[in-house]
Amino acid sequence: MASIYYVGDQACFCLDSHFSTSFLTCMQLFVKKELNIDRDIFLKKECNCDRDKPQWIVVIEMELKQESTVPRIFELTRFLVTSVTFLARIQSVGIFLDGTKLSCLKKTRNKASQPVVVSDRMVKKSRGGTMTIDSVELIPQEVNVTFFDDALVGGPKTSVARAELEEGGNPTRSKSFFSTERMSKANGRVAASKIAATASEAPSLKSSTQFSAKYSIYSANVSVSAKSSLEKGLESATKKKPPKDFPFEMVFFSKDEHDKQSQEEDISGFGSVFRGPQGLCPRLEAEHAARIFIGQSTAQTTGMACHMSGRFIPTVERGSIDLANGHVSKWNEELLYVAGFLARVAYESEMSKVKDAWPTLEKLDAEKLALYAMKSFVFHPSTPDPKVSQIIKDAFYTSSASDKFPFISDQGIQYTKDIRLYHPHFAPFMRTPVFPVELRYISASMTLPENLRIGTYTFKDVVKELDSRWLSESEMAACLRWWSNSFGSQVPLDEQHKKWRNELLKVGRTHSGGREVRLSSITKFVDGRMSSVRRLDDPLPDDTIPPALIQGLNSMTVPEAFGWQEMSIIHWLRHLRDSPPDAAHDITKAPSFAQHVLITLGTLWHTSLDENSRSEVREILESMTCIPISSAPYMMRPQDAYFPEADVFRDLPVVRQELLLDFRTEQVLQYLGVQKRCDIETFISKAMDGDRWSAMDLARYLITSAQEHVTRVMEMKIFPCDGGERRYISELFASTEINRSLKLPVINCDYWDSNTQEALFLIRKGLHEYPTIEQLIPIASSKDDRAARHAAFTFLCGPMYESFFEKQFDPSKFSMYPFIPGVRDGRPCQIPHGEVFSDPNWKVFGFGHLPDQFNKKNIAKLKIRDRPTAEKLFQVLESTPPKDPETAERWFRFLAEKGVFSAGEFERIADLKIVPVEVSSEQLQSSKVSYEAVSPRECFLKSESYTEDHFYQRLFKFVDFGRSANAFLKACGVKERPECIDVLRVLLKCPKTFFKLAGDDHERYLTELRLIAVGHKSLPRRIHEEMRAASIFLGYRRGKGRDGYSHETEEFELCKAEEVLVADDMESRRTFGDCIFIAPQEELLEKFYSEMKVKSLSSCIKYTVEPNKELLNAHSAHVLRHAIIDKIPIFLHEFDEPRFRDRMRLLRWHDENQFFVRACRRLDVTKRLDFPSATIGSQGQKAHPTELSAETQCKDGVHVLWIKEPKADSYDIAAALCRLLFSTYKKNDVLSLMTILDTDINVLRRRGYDVDRILSEYRENLEKAEHGENPSNGAPPGPVQAPSPDVCPENEPASDKPEVISTFTKFLHKFRKDPKLGEIKLSEIENSIEKVKDIMEKEGGNNDTHISNREQVGGGRKQKNVAYCDEKKVAKTDLEECEGQQVGQVKIWKRRGTLLDVPSKECEAFGKIISDLAKVFSINQTRCHVFFHGEDANLMGFNRNDQIFFGLEHYMQNHKDAPLGKAYIDWYYIMAHEMAHVHTPYHDEHHELLFQALATKHLTELHGLPAVRELFKCASY
């Protein structure tokens, strides 16, 4: 008996006398850090003890480092429960507080232990031979723990101080641990009230509570026979000899007890006293693992779920066992082998119990029981030394020499050698125990050694299984499927696999289809083709495997996998012939089975039977009555039976109709000898004797007859019609209701189906299924038979239209047949197709229309137009034009609403005389109003801009038929107002008459001339030539007044271009003004005159220079020359090459061999007029001296600037240099040069001149020119910017020259609403689009066979060089038209003089694209051109004179092989880009705005193009 007493602040552990007698001396033990306090445990002997009373007292003294609560009794008790587990003599322990019993534990060890049988295969001796396990016994043990009422089982966190134990004092006499008195020491005394408070805060059990646990102790009796060296080593280390024998014990909890403790732990507020840190019952695979005990628990875990106790030697700190120091390590390792041995014995014992209980338990309960036992012996890494669990685990598996290791399976506890891993191929037919897949984790956690692991299926397992029993049909099928899938693909099998196959077939046996099947007797199998057509109950030969056993196998692998051959149809037929199993499967007695056999033959006839096999089939069946017929006796031989088509007269034995549903079966019957026809002569005689037979029967028979027989019958007048008479087949129609309603002769038959083979045969031989369109239209046009006419029209518009008549119906072929029911002049009648329309409004032109009740669908079927064609209307307009304005207004308004004509057709109408115009009273001799018809091109729309007395009223014919009618006339060519070309045509016709109609008013004439000046650039070259040759240029000449002085008078005259000059030299004009005609001094008109090749006055003035008294080395000349050399590049920078005289751009100013300055005292300069058209005036052609202080003189390529001393006029110097440089110049040019020469170069910098850059470029260009290179941009030295707007040289056409829009011109453009001004606002974008369309809808340059280049205006301030849209790229050579290569109205151009031919195929395709896009934008196609120059494929196109040119090279490079829809899209945007140049000539923000608006506006029309819809996979309209 042992008890723990708390006396004051000391606890006493008392032992019974029997136990304590072995302790003769005192020991003092120190245990630290348990329950978070330090304790001193010591034994102390009483001095005067009574022998009858306990002489030994165990005092547990807990010395507190700081204030603390009372130790938790629950945890202390749990510690004691575990501590006494392996103490065999201790039976109970009590815990008291001041005499009050708090808890008590009682341990009962059953002395009647059960011996455990140890297998002979167990290795009882340890590896080193030191220890031998003599026996193993199982000892039941029970522990009961009681906690009494109000027992303090735990404490609050508040700390409580304790009194120090007096040195040498009796712990039983010390003050109570829970004493309420104050402590005398200063190290932590507390008041009694504080102790009471802490006690009250501690949780307690409300009543006495009991805990119990039952468990087993496996005890092994171990004897020791250590070697002398080991004994000495151990004695040296431990100071004592090793024991000769000792028990080794291990605790094992049953599953029920384990579950019980878990339940108590969950229910109780404090958990189970057997669980927790150092608890007796550890959780599986959880914290608080089982430990090694050396009397008491150590810190070393076992790695499994069982505590173990043995004579281990611990480390110095006693936390683990010593596995590092020599003999001690050897001893402990031997002892760990005993641990593994005992664990293996316990494992097998527990698994044996599970095996015995398995049949009596539910499967789930049995599996849980087995898994618990197995998990108890799963080894985890031990702590703190992981080698402990590894050594025990090795001993666990190696302590037995047997391969019988019990393990769980689907059939209970079996040895691992008899268990197999699950495999889906073997599971259906193997009954071997299988380790469940869901439990494989336990196998992995136990890490069985190789010899104990669960194996996979082997071939021997399969043979053993087949030899042990008869397999069911499904099991045998699974077995055969496994073998075929595993080895069938190995072609051929090697000898080993063939041996295995023979073993398998030898033992395999099953039942299938009611009979025994032994695989050893099987030689054939039914392949996939045969099995697909046979029935399940079809009899099979005994040597053929039932198909159910090999269902799903690959028939290609069966022969090699099993050595079987395919069962042939011949083999099967012989079996049916020789061994019919019963009457139901006798092919001579059972018609249904015979029919099935024949159908099976038909299915396999072409795929499985060659000619020899077919002959064998015929040999087997030809003598058997195996052909089912439709009448008695129901079975016939093949040669005695007939096909139905032979039985035209219903008196022959005909095979059953079911056999004829498949043509393959029909071929089998024919091959076997079934007949298809009888004698032809007999057949014809029977046919001629009666007329009640059906034409379908006849056709059916003739289809299979010889061709000569068919021809003979078809050429006979043998076919009866519904009227009774006989006709040829070509004279008859199919027996349909529509043919009867049309009164057509129809063939005699019971029924008619045009889809049958017989009907198709008759149709091929001449029978008409329905009338042709040529036969139907005359019936529909019939005047006599109204019913037939109605039926014909109904049939024409019926369902047959789409499938037959739509392709044949061409209205143009039946234009003379009045088969359309319509209305004309208010009366219903039959009207020809071309004279009736669905829209009744066309009756205004005398056409017919459809009645209101006419079916709308028939309009589309009969291709009835809603309107007449443009050609039809053109004929009406040409033959019967409107006679008065009222009729014209009605016609034109209607045509405007309908929009019938295309752009090309409007062009034709423009020349028709269809506009009635009132004849003027001057032409009429009577007062009656009369009208004459004029073409639309000859008249204009009335406008409020032109009053009745306006000048244009006398020049042109104006009409007004209302808004809608006027819109139609505009499309036909009637213009809103006379344009430049119209005015010009009248002017060129007779300039004098024109001037006379203007009232001889030169100001009014000038107004029209300004209009021509603005718009002449878009006119054809031919017009330009006519203009130059006509006297249309108004010139002024100065005359003399009465005062004798010359001044301007009203003297003017109409001149030709060669008879007038542009006055660019005012001084010369004052000199020669009375003998020349001068252009009006307006910038617009002067520019216009210059473009018409009118010469400038300065170009006709010749100067003569005569210097006198030259001053050598004059300082002023030297200074002037250097000023010119330094500053002339700045001046030249402002001008383009065309302004300069020949080679003057290349003049080296610094070279004295080309230019120098000289001074003289006297400078005589005379000038003379050189102009053939000059009149004889006061000055005439004489030379006139001038007062100039500077002039240039040229001789032998040397240019000399003479200046007059003492001081030359800067203006004269600048003017002389301008005359030297330019063909013509302006006063502003002289002033600009004078300013530059007179201004310091630094001042010029401040004024904004980029002097450094200009001079640098000048020098670079000069160096390039000196080395024979082209200067930058291909220009002579000096940068190039915007050109001067002066007169062009005579040898270049005016249209090739740049132009500058002056302020007056811009004003005039704005006044005339000219769309080429270039500046637009967002709010005016719609108006800008309409202006562009107005221009592009007009015809463009019909007579232009040669188009010259024109550079864009003002490009120097914008994006000037845009490579893809730059007309200057073709500036060096003009384009010329390619005659005969026009695509529609799109002209084709190429570079003049090129030897390359325009690719015709690509040109045609590209021209078609441009033509279609012109329709998309609704512009006149004559405005679009295609050009080919064979050099620059990057040039897409350009806009020249409002006509658009598109590059064929760019199309060929980028779109020739691209999808057509992509080409349409790309060129759509290119066309929009060039159209925008009509209004905006520069590539700037205005052009971008207009381009985007144009491109967006017509996207819907672009999407309507078929090629574009196809590109985007859109549905067709």
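Residues numbered from 1 in each chain as written. Predicted model: local features only at pLDDT ≥ 70, side-chain atom pairs only at ≥ 80, totals over all residues. Heavy atoms only, no water.

1. What to know about the overall build of the chain
Looking only at helices and strands, the chain has 51 helices and 50 strands in total. Residues counted as buried form 50% of the 1517 residues belonging to the chain. Within the chain, contacts between residues at least 6 apart in sequence are counted, and of these 67% link residues at least 24 apart. Here the chain displays about 74,700 Å² of accessible surface, and carbon together with sulfur accounts for 49% of that area. (Helix = DSSP H or I, 4+ residues; strand = E, 2+ residues; numbered from the N terminus. Buried < 20%, exposed > 50% of the residue type's maximum accessible area, 1.4 Å probe, protein only. Contact = heavy atoms within 4.5 Å. Areas by Shrake-Rupley, 256 points an atom, 1.4 Å probe, with all protein chains shown as cover.)

2. Comments concerning helix α33 (residues 980–989)
Counting buried residues in α33 gives seven out of ten residues, a clear majority hidden from the surface. Three or more residues of α33 are buried, namely Cys-980, Ile-981, Asp-982, Val-983, Leu-984, Leu-987 and Leu-988.

3. Considerations on the environment of Leu-87
Tracing the backbone shows Leu-87 in the loop between α2 (73–83) and β6 (92–97). For the pair formed by Leu-87 and Lys-107, sequence separation is 20 residues and the distance between their alpha carbons is 9.7 Å. What Leu-87 contacts, discounting residues up to four positions off in sequence, is Lys-107, Gly-295 and Gln-296.

4. Examining unusual backbone geometry
Omega for the bond connecting Thr-383 with Pro-384 falls within 30 degrees of zero, at -5°, which places this linkage in the cis form. Inspection of the secondary structure assignment puts Pro-384 in the loop between α7 (363–376) and α8 (387–398). Cis peptide bonds are those with omega within 30 degrees of zero, and the linkage from Glu-1205 to Pro-1206 qualifies with 10°. A positive phi angle, near 60°, is found at Lys-743, a position not held by glycine. Along the chain, the position of Lys-743 falls in the loop between α22 (737–741) and α23 (757–764). The phi torsion at Lys-1093 lies on the positive side, around 70°, for a residue other than glycine. Relative to the assigned elements, Lys-1093 resides in the loop between α38 (1083–1091) and β39 (1095–1096). What makes Lys-1093 partly exposed here is its relative accessible area of 40%.

5. Concerning the packing of helix α40 (residues 1210–1221) against helix α41 (residues 1227–1238)
To describe two helices that pack against each other, one gives the angle between their axes and the distance between the axes. Relative orientation of the contacting elements α40 and α41 amounts to 120°, with a least axis distance of 8 Å. With respect to their mutual orientation, α40 and α41 come out oblique. Between α40 and α41 the crossing geometry is right-handed. Of the residues in α41, those in contact with Ser-1210, Tyr-1211, Ile-1213, Ala-1214, Ala-1215, Leu-1217 and Cys-1218 of α40 are Lys-1227, Asp-1229, Val-1230, Leu-1231, Leu-1233, Met-1234, Leu-1237 and Asp-1238. Among the residues making up the contact of α40 with α41, the classes are represented as eleven nonpolar, one polar and three charged. (Axes fitted to C-alpha atoms, helices over the stretch in contact; angles between N-to-C directions. Parallel < 35°, antiparallel > 145°, perpendicular 65-115°, else oblique. Left-handed = near helix turned anticlockwise from the far one by under 90°. Nonpolar A, V, L, I, M, F, W, Y, C, P; charged D, E, K, R; others polar.)

6. Side note on the pattern of salt bridges
Under the counting rule described, the total for this entry stands at 59 salt bridges. Residue Glu-1091 is joined to Lys-1087 by a salt bridge in which the shortest nitrogen-to-oxygen separation is 2.3 Å. Of the two residues, Glu-1091 and Lys-1087 both sit in helix α38, four residues apart, roughly one turn of that helix. Across this residue pair, the class does not change: Glu-1091 and Lys-1087 are buried. Among the charged side chains, a network of salt bridges with common partners joins Arg-431, Glu-465, Arg-469 and Glu-475. (Salt bridge = Lys/Arg side-chain N within 4 Å of Asp/Glu carboxyl O.)

7. Examining the packing of helix α6 (residues 326–357) against α8
Where α6 meets α8, the axes come as close as 7 Å, and the angle between the chain directions of the two elements is 55°. As judged from the angle between their axes, α6 and α8 are oblique. Our pair here, α6 against α8, has a crossing hand that is right-handed. Residue-level inspection shows Glu-333, Leu-336, Tyr-337, Ala-339, Gly-340, Phe-341, Ala-343, Arg-344 and Tyr-347 of α6 in contact with α8, the latter providing Val-388, Ile-391, Ile-392, Ala-395, Phe-396 and Tyr-397. Looking at the contact of α6 with α8, its residues break down into twelve nonpolar, one polar and two charged.

8. Notes on the pairing of strand β7 (residues 100–109)
Sheet analysis places β6 next to β7, joined by six bridges and oriented antiparallel. Looking at β7, one finds that Ile-95 is bridged to Ser-103. Here β6 folds back onto β7, and the loop between the two strands holds two residues, one of which, Asp-98, carries a positive phi near 50°. Sheet topology note: the β7/strand β9 (residues 131–147) ladder contains seven bridges and is antiparallel. Bridge assignment links Lys-107 to a residue of β9, and that residue is Val-143. (Pairing = 2+ DSSP bridges.)

9. Observations concerning the packing of aromatic side chains
Counted by the stated rule, this structure contains 68 aromatic pairs. Seen in terms of ring centroids, Trp-605 and Tyr-671 are 5.1 Å apart; in terms of plane orientation they differ by 65°. Their pairing is edge-to-face. Placement of the pair is Trp-605 in the loop between α16 (591–604) and α17 (611–621) and Tyr-671 in helix α18 (residues 663–672), with a sequence separation of 66 residues. Tyr-671 matches Trp-605 in its accessibility class, with the two residues each being buried. A ring pair is formed by Phe-901 and Phe-906, whose centres lie 5.6 Å apart and whose planes are at 65°; its orientation type is edge-to-face. Residue class for Phe-901 comes out buried when judged on its relative accessible area of 9%. An aromatic cluster of at least three residues, connected via ring pairs, comprises Phe-252, Tyr-347, Tyr-372, Phe-377, Phe-379, Phe-396, Tyr-397, Phe-405, Phe-407 and Phe-435. The ring of Phe-874 is capped by Arg-908, whose NZ or CZ atom sits 3.8 Å from the centre of that ring. Sitting over the face of the ring of Phe-1445, Arg-1440 holds its NZ or CZ atom 5.7 Å from the ring centroid. (Phe/Tyr/Trp six-rings, centres within 6.5 Å; stacked < 30°, edge-to-face > 60°. Lys NZ or Arg CZ within 6 Å of the ring centre and 35° of its normal.)

10. Some points on the nonpolar core
Of all hydrophobic cores here, the largest spans 98 residues; its most connected members are Val-136, Phe-248, Met-250, Phe-274, Phe-407, Ile-408 and Met-446. In terms of residue count, the dominant contributor to this core is α6 (15 residues). Residues in contact with Met-446, not counting those within four places in the same chain, are Tyr-347, Met-374, Phe-377, Val-378, Lys-393, Tyr-397, Phe-405 and Phe-407. By size, the runner-up hydrophobic cluster in this structure holds 46 residues, among which are Val-1386, Cys-1403, Met-1471 and Leu-1494. (Core = buried A, V, L, I, M, F, W, Y, C linked by side-chain atoms within 4.5 Å.)

11. Considerations on the environment of Ser-579
Within the secondary structure, Ser-579 is located in the loop between α15 (569–578) and α16. Under the relative-accessibility criterion, Ser-579 is labelled partly exposed at 39%.

12. Concerning the side chain of Arg-1219
Here Arg-1219 is to be found in helix α40. By relative accessible area, Arg-1219 is classed as buried at 13%. Looking at Arg-1219, its side chain comes within polar contact range of the side chain of Glu-1191, at 2.4 Å. (Polar contact = N/O pair within 3.5 Å; in protein donor to acceptor, adjacent residues only side chain to side chain.)

13. Side note on the pairing of strand β27 (residues 820–824)
The pairing of β27 with strand β28 (residues 827–831) spans five bridges and is classified as antiparallel. By the bridge assignment for β28, Ile-820 is matched with Ile-831.

14. Some points on the confidence of the model for the chain
On average, residues of the chain score 79 in pLDDT, and 83% of them reach the 70 mark or higher. Per-residue pLDDT stays below 50 along residues 152–206; that stretch engages in 129 contacts with residues further than four places along the chain or on separate chains. (pLDDT = per-residue confidence, 0-100.)

15. Concerning the environment of Lys-989
Position of Lys-989 relative to the elements: it lies in helix α33. Lys-989 gets classed as exposed once you look at its relative accessible area, which sits at 75%. Lys-989 sits 41 residues away from Ala-1030 along the chain, and the two C-alpha atoms are 9.3 Å apart.

16. Things to note about helix α24 (residues 773–780)
Those residues of α24 not exposed but buried are Ile-773, Leu-776, Ile-777, Ile-779 and Ala-780. The buried residues of α24 all sit within an arc of 160° when viewed along its axis, so they share a single face. (Arc of directions from axis to C-beta.)

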